[in-house]
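Take a look at the letters that make up each chain.
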Amino acid sequence: MGRLLAIYSAPWRLGAEYTLFQTPHFDLHDFDIQSHTGRLFASLDLNWGTLRAEADYAYVLLDNVSFSETVRVQPALSLQETKNLYAVLSVQYYKGNFFHQFIPTGQEAVRDRDGWVVQAGFDQYLLLNRRDTSLRLSYHYEVSRNHGTDWEYNGHYVALGLRTPLWWDISLETDVGYTRRDYRHINSFDASPLAVLTPDDRRARLDNRVVESLILSRPVGPY
């Protein structure tokens, strides 16, 4: 990743980034992924908070063949509610276009992955221990709408986080996040000519994901 800060003097911050991501597989090159992402970002510090905005364009190749291109725009507002309370309100718009999709004739209305996603939510922080410790509560609501009904869902994300110093210069960071995605339609693989789902599986897809992280860090020497 490379970053250029064109303006970095209060109250403005303006810059750009480029990120290259590559996964090489020694045998199964069908799964080689390469992405190129360009980003513009800006922020403005105000007396009562900070305004931020990001805009991304990502181009992804799968086995050196064009796979997708996506555009993402995310404005955010940080509010200092009290000395020890502040919140971040954000909205994200994402639009994806997928190339070379395998769509059987007449099934575009269920298989086409092209579409958009809107996510809105907040992150509420509480500062304790002389502001050295922070607690975070997050909630985001997400809506995905696509040309094909297989991909459409309504989602919820809830998370709790803690960051605090311990002893001997050790710091603790821990986070637990839960994501629920309620798909709006029964998947097209339940329809002819495939009909690969069993009767017990013939219901709309529901995804539940829990991600937990625990980090202990300590500086080692002056560098």
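In case you missed it, the structure is sitting above this.
What comes next concerns the included structure. Remember, it's a predicted structure, so these values are computed and weren't measured experimentally.

## Here's the deal with the overall build of the protein chain
So, point 1. Within the protein chain one finds one helix and 11 strands.
So, point 2. Put simply, the protein chain runs from its N terminus to its C terminus through helices and strands in the order β-β-β-β-β-β-α-β-β-β-β-β.
So, point 3. Its C-alpha atoms give the protein chain a radius of gyration of 22 Å, more than 25% over the compact-globule value 17 Å for 223 residues.
So, point 4. Taking the principal axes of its C-alpha atoms as reference, the protein chain extends roughly 65 × 40 × 40 Å.
So, point 5. Sequence separation of 24 or more characterises 48% of the internal contacts of the protein chain that already satisfy a separation of 6 or more.
So, point 6. Only carbon and sulfur atoms are counted for the fraction: they give 61% of the accessible area of the protein chain, which is about 15100 Å².
So, point 7. Between the averaged position of the 22 positive side-chain charges in the protein chain and that of its 27 negative side-chain charges there is a distance of 7 Å.

## Comments concerning the side chain of S68
So, point 1. Within the secondary structure, S68 is located in strand β5 (residues 65–82).
So, point 2. Once residues lying within four places of it in the same chain are set aside, the contact partners of S68 are A58, Y59, V60, N97, F98 and F99.

## With respect to the pairing of strand β2 (residues 12–23)
So, point 1. Pairing between strand β1 (residues 2–9) and β2: seven bridges, direction antiparallel. By the bridge assignment, I7 is partnered in β2 with L14.
So, point 2. Adjacent in sequence and paired antiparallel, β1 and β2 are bridged by two residues.
So, point 3. In this sheet, strand β3 (residues 33–46) lies alongside β2 in antiparallel orientation, the contact comprising 12 bridges. By the bridge assignment for β3, T19 is matched with T37.

## Considerations on the pairing of β5
So, point 1. Across 14 bridges, strand β4 (residues 49–62) lies against β5 in antiparallel orientation. Bridge pairing links L62 to V65 in β5.
So, point 2. What sits between the antiparallel neighbours β4 and β5 is a turn of two residues, in which D63 has the positive phi angle 55°.
So, point 3. Sheet analysis places β5 next to strand β6 (residues 85–98), joined by 12 bridges and oriented antiparallel.

Criteria and thresholds
Residues numbered from 1 in each chain as written. Predicted model: local features only at pLDDT ≥ 70, side-chain atom pairs only at ≥ 80, totals over all residues. Heavy atoms only, no water. Helix = DSSP H or I, 4+ residues; strand = E, 2+ residues; numbered from the N terminus. Rg over C-alpha atoms; globule rule 2.2 N^0.38 Å. Contact = heavy atoms within 4.5 Å. Areas by Shrake-Rupley, 256 points an atom, 1.4 Å probe, with all protein chains shown as cover. Lys, Arg positive; Asp, Glu negative; His and termini not counted. Charge placed at Lys NZ, Arg CZ, Asp CG, Glu CD. Pairing = 2+ DSSP bridges.

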